[in-house]
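Survey of secondary and tertiary structure
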Amino acid sequence: AKDLGKNRYSFYESEFTEKAEYRFQVEQHLREAVEQRQITLVYQPQIDIASGEIIGVEALSRWYHPQLGHVSPIDFIKIAEQIGLIKPLTEWILQTVCDQMAVWNSEGFSDIHTAVNISPDHFLDKGLVSLITETLETKGIAFDKLELEVTESTVQTNAQNLSAFERLKDLGISVAIDDFGTGYSSFSSLKHMNVDILKIDKSFIDDILTDEKTQVLVGSMIKMGHNLGYKIIAEGIESHAQLQLLQRLQCDIGQGYLFSKPVTAKEISTILGSSY
Ligand code: C2E
Ligand code: CA
Ligand code: CA
Ligand code: CA
């Protein structure tokens, strides 16, 4: 038993060293990746559940590095936040998204919105709202075609500077609470965050068919959200049965592999073109 314990210890130790080494590598290459535009965007359709139409897309970052391979955004976004790269990265993402919306507009697909994920610290940055409005204006994109996704932790980060919500609302830029229900104080965040959309986290959708409690919770979130005037998105829909249930619960919008994985901008054009 002693030996086993020892082996276990060294197993964890080497796993730890490997993780630290990986993190170090990611950090080393990330700066270069942001500067050299190695990060690309894919887009995942958002579907109006009642009509089945695509009403928007969410932009998601991808990074392929020759030595590291595909690095998950969960890893590199967190590191970008920690080493001060999230602002330049998000600035580039906003510009790229606006350029892409201009292309979709020119192809006749001007109705869809694009959602961009904004990190909590960056959302409360004084310059963010002007960065967004300047980018939209420069690229000639209507304000109501951009959506921002922020998590509940945005409130905890800095409760003082929440005026960004009011300013964005005045400008007609919608804001969604991402991963709704996973924070420690989802009710309190509703009180403090003036938003338009609740995006119910995938972890709820995963269990919605098998766990009655989850089903009741999701139903309640949708009802409560509607009573407060929000639109409700469900993320991570993978099966027809999940979709049918969400439809019954009056969920407005769906996103997930059932409809489409995140795909290139070109593929979005193809999907939009074939659905008319
Ligand atoms: P998120 O914002 O909650 O994005 C949804 C994630 O779920 C995406 O993973 C998406 O590919 C995945 N997904 C969507 N539908 C399904 C489904 O039906 N089944 C399964 N299994 N997965 C599904 P992804 O692209 O790996 O992104 C992970 C997270 O990284 C995002 O979670 C977001 O928090 C962050 N992220 C990605 N791109 C950006 C970005 O440009 N900026 C910021 N700040 N964060 C980003
Ligand atoms: Ca998101
Ligand atoms: Ca989400
Ligand atoms: Ca999520």
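The coordinates are above.
The shown structure was predicted, so the numbers you read here are calculated from the model rather than taken from an experiment.

This brings us to helix 11 (residues 240-248). Along helix 11, the positions that sit buried rather than exposed are Gln242, Leu243, Leu245 and Leu246. In a view along the axis of helix 11, the buried residues occupy a sector of 165°, so they form one face of it. Facing away from the buried side of helix 11, by more than 90 degrees, are the exposed residues His240, Gln244 and Arg248. As for helix 11, its buried residues are in contact with helix 9 (202-207), helix 10 (212-227) and strand 8 (231-234). Note on helix 11: the residue one or two positions beyond its end, Gln250, has a positive phi of about 70°.

The next subject is the pairing of strand 1 (residues 39-48). In terms of residue burial, strand 1 counts as a mostly covered element, since eight of its 10 residues are buried. One ladder, built from nine bridges, connects strand 1 with strand 2 (residues 54-65); its direction is antiparallel. In the strand pairing of strand 2, Leu41 is matched with Ser61. Counting the residues between successive antiparallel strands, the hairpin from strand 1 to strand 2 contains five residues, one of them, Gly52, with a positive phi of roughly 80°. Bridge count between strand 1 and strand 9 (residues 253-254): two bridges; the pairing is antiparallel. Among the inter-strand pairings, Ile47 is bridged to a residue of strand 9, identified as Gly254.

Position of Glu149 among the secondary structure elements: in strand 5 (residues 146-151). Glu149 sits 29 residues away from Asp178 along the chain, and the two C-alpha atoms are 5.5 Å apart. Once residues within four sequence positions are removed from consideration, Glu149 is found in contact with Gln46, Glu58, Ala115, Val116, Asn117, Ile118, Ala176, Asp178 and Lys199. Engagement of the side chain of Glu149 in a polar contact is seen with the side chain of Lys199, the distance being 2.8 Å.

A few words on the coordination of the calcium ion (ligand 4). At the metal site, the calcium ion (ligand 4) is ligated by Asp179 (OD), Asp201 (OD) and Glu235 (OE), and these contacts range over 2.5 to 2.7 Å. Donor residues binding the calcium ion (ligand 4) come from one chain and are separated in sequence as D-x21-D-x33-E. Taken as an interatomic distance, the gap from the calcium ion (ligand 4) to the calcium ion (ligand 3) is 3.3 Å; Asp179 donates to each of them. With Asp179 in strand 6 (residues 174-180) and Glu235 in the loop between strand 8 and helix 11, the pair connects residues that are 56 residues apart, well separated along the chain. For Glu235, a relative accessible area of 13% corresponds to the buried category.

Rules behind the numbers
- Residues numbered from 1 in each chain as written.
- Chains lettered and ligands numbered in written order.
- Predicted model: local features only at pLDDT ≥ 70, side-chain atom pairs only at ≥ 80, totals over all residues.
- Heavy atoms only, no water.
- Buried < 20%, exposed > 50% of the residue type's maximum accessible area, 1.4 Å probe, protein only.
- Helix = DSSP H or I, 4+ residues; strand = E, 2+ residues; numbered from the N terminus.
- Arc of directions from axis to C-beta.
- Contact = heavy atoms within 4.5 Å.
- Pairing = 2+ DSSP bridges.
- Polar contact = N/O pair within 3.5 Å; in protein donor to acceptor, adjacent residues only side chain to side chain.
- Donors = N, O, S within 2.8 Å, 3.2 Å for Na, K, Ca; no water.

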